[in-house]
Amino acid sequence: MDYTKFYSDRVKPMKGSAIREMFKRMADPQIISLAGGNPASELFPGEELSKISEKILREKPAQALQYGTTDGLPAMKECAIKRAKKVDAYTEGDSVIIMTGANQGIDLTAKALINKGDKIIVESPSFIGSLNAFRTYECELVGVEVEADGMNIEALEKALAENDGVKMIYTIPTFQNPTGTTMPLSKRQKLIELANKYDVLVLEDNPYGDLRFSGEEVPTLKSLDTEGRVIYAGSFSKILSPGMRLGYIIGAEELLTKIEILKQVNDVHTPVLTQMMCVEFMEKYDIDEYIEKNRELYGRKCSAMLEAMDEYFPKGKVKWTVPEGGIFMWCECPDVSDISVLVDKALEKKVAIVPGSNFAIDINEPSNKFRLNYSSATIEKITEGIKRLGEALEEI
Ligand SMILES: Cc1ncc(COP(=O)(O)O)c(C=O)c1O
């Protein structure tokens, strides 16, 4: 049967995430994946969470298995506020909604704000999940180039000046996905100034902010906002567990009231059980200690990847970013016109990487860039994966 005639115009042009597609091809256990965005599963607090979930289900089944409130359990909202306060992303009077992952917060924020044809400024490249969410609402994505230190602010100013009626700037200012870059304070101040001047909202997506392993902390955009323009999206995916699907958004009450209505019709509420598990985990254990272990491990994995790249990549053929935290780095092959040749060659050698076009505003434009992830594979696999990728680079 041909279903295409039934599709809405909205979904017809949409393509799924190539990263998720790649997961399917990666069923082969011999494949070394430097492709996904998974945190290091070797550090998951499985024992602790197993005891906690058992206790909750034994002692509080009536609460854990019942419907919950749309904006989240009060104790879970306190957990989110506690995390946000560490980076000054919560101001007294702000509203908080617990989301089923930050992804849902981004999607519902977009749903609340975007009309067909609206213009949204995004970093180019940017996180495919958010770009696809925005695309669903049939807006025009205006890309602003990402440099070694985040969004090019002159280009942002130009985009705002040349595009009437931009509604929102979406940015991942710290350890950006996919580039791993971080915007310094001066750029952040300028971004807020521009948002005020051109009267636009800002969606600050910060799932990696806690994962710094070198350099100095930089204030969040939310902490610099004096006009209630920044909506802040946080996540427990990279600091506890992505499978628990716990994220949150923080922002002006009026705005979040609308977003909460959209969540009511979307999934009613985020699972109560995982919220209760997170609350109990944060009461019983020191989550910062757990995050510190992650930071330390990611620092070591990142160094191992950089060392292997120095050793195995053909000299002068690849340029890459050096992240101070997070889980990604971004590589460019100036002499290559279409990176899919390298992606296929790497897969023949059983290494998975993600082509840059996946993170582009125009996914059909050939790219000479690719993204590498260092959080998920072991150090041995990272080294072996980069060695094989170096061979693939030599051969193309
Ligand atoms: C930049 C960015 N934002 C949001 C998310 C989604 O996070 P969550 O698991 O909380 O939905 C991701 C996940 O990879 C991400 O990279």
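Residues numbered from 1 in each chain as written. Predicted model: local features only at pLDDT ≥ 70, side-chain atom pairs only at ≥ 80, totals over all residues. Heavy atoms only, no water.

Focus on the site of the ligand
So, step 1. Contacts to the ligand come from 13 residues, most closely from Ala 102, Asp 205, Tyr 208, Ser 235 and Ser 237.
So, step 2. Measuring from a nitrogen atom of the ligand, one finds a side-chain N or O atom of Asp 205 at 2.5 Å.
So, step 3. Computed on the free molecule, the ligand has an accessible area of 390 Å², of which 93% lies beneath the protein chains in the complex.
So, step 4. A class-by-class count of the residues in the shell around the ligand yields 5 nonpolar, 5 polar and 3 charged. (Near = heavy atom within 4 Å. Polar contact = N/O pair within 3.5 Å; in protein donor to acceptor, adjacent residues only side chain to side chain. Areas by Shrake-Rupley, 256 points an atom, 1.4 Å probe, with all protein chains shown as cover. Nonpolar A, V, L, I, M, F, W, Y, C, P; charged D, E, K, R; others polar.)

Digging into the pairing of strand β4 (residues 140-147)
So, step 1. Examined bridge by bridge, strand β3 (residues 119-124) and β4 share 6 bridges and lie parallel to one another. Directly across from Val 122, in β4, lies its bridge partner Gly 143.
So, step 2. In this view, the connection linking β3 to its parallel neighbour β4 by way of helix α6 (residues 128-136) has right-handed handedness.
So, step 3. Here 2 bridges tie β4 to strand β5 (residues 150-151), and the two strands are oriented antiparallel to one another. Residue pairing across strands places Glu 147 opposite Gly 150, the latter belonging to β5.
So, step 4. Count of turn residues in the β4/β5 antiparallel hairpin: 2 residues. (Pairing = 2+ DSSP bridges. Helix = DSSP H or I, 4+ residues; strand = E, 2+ residues; numbered from the N terminus. Right-handed = clockwise from strand over helix to strand, strands pointing away.)

Here we look at the sheet that holds strand β13 (residues 354-355)
So, step 1. With respect to topology, 4 strands assemble into an open sheet ordered β10-β11-β14-β13, the strand pairing being antiparallel. Two strands bound the open sheet, and with one partner strand each, they are β10 (319-320) and β13.
So, step 2. Pairing geometry for β13 and strand β14 (residues 369-373), over 2 bridges, is antiparallel. Considered in β14, the bridge of Pro 355 is made with Phe 370.
So, step 3. Relative to the sheet, helix α12 (residues 287-312) contacts β10, β11 (328-332) and β14, its axis offset from that of β11 by approximately 20°. (Contact = heavy atoms within 4.5 Å. Axes fitted to C-alpha atoms, helices over the stretch in contact; angles between N-to-C directions.)

Description of the sheet that holds strand β7 (residues 201-205)
So, step 1. Pairing within the open sheet is mixed, and its 8 strands lie in the order β2-β9-β8-β7-β6-β3-β4-β5. At either margin of the open sheet sits one strand with a lone partner, and together these are β2 (95-99) and β5.
So, step 2. Helix-sheet contacts for helix α5 (residues 102-113) involve β2, β6 (166-171), β7, β8 (230-235) and β9 (247-251), and the interaxial angle to β8 is about 155°.

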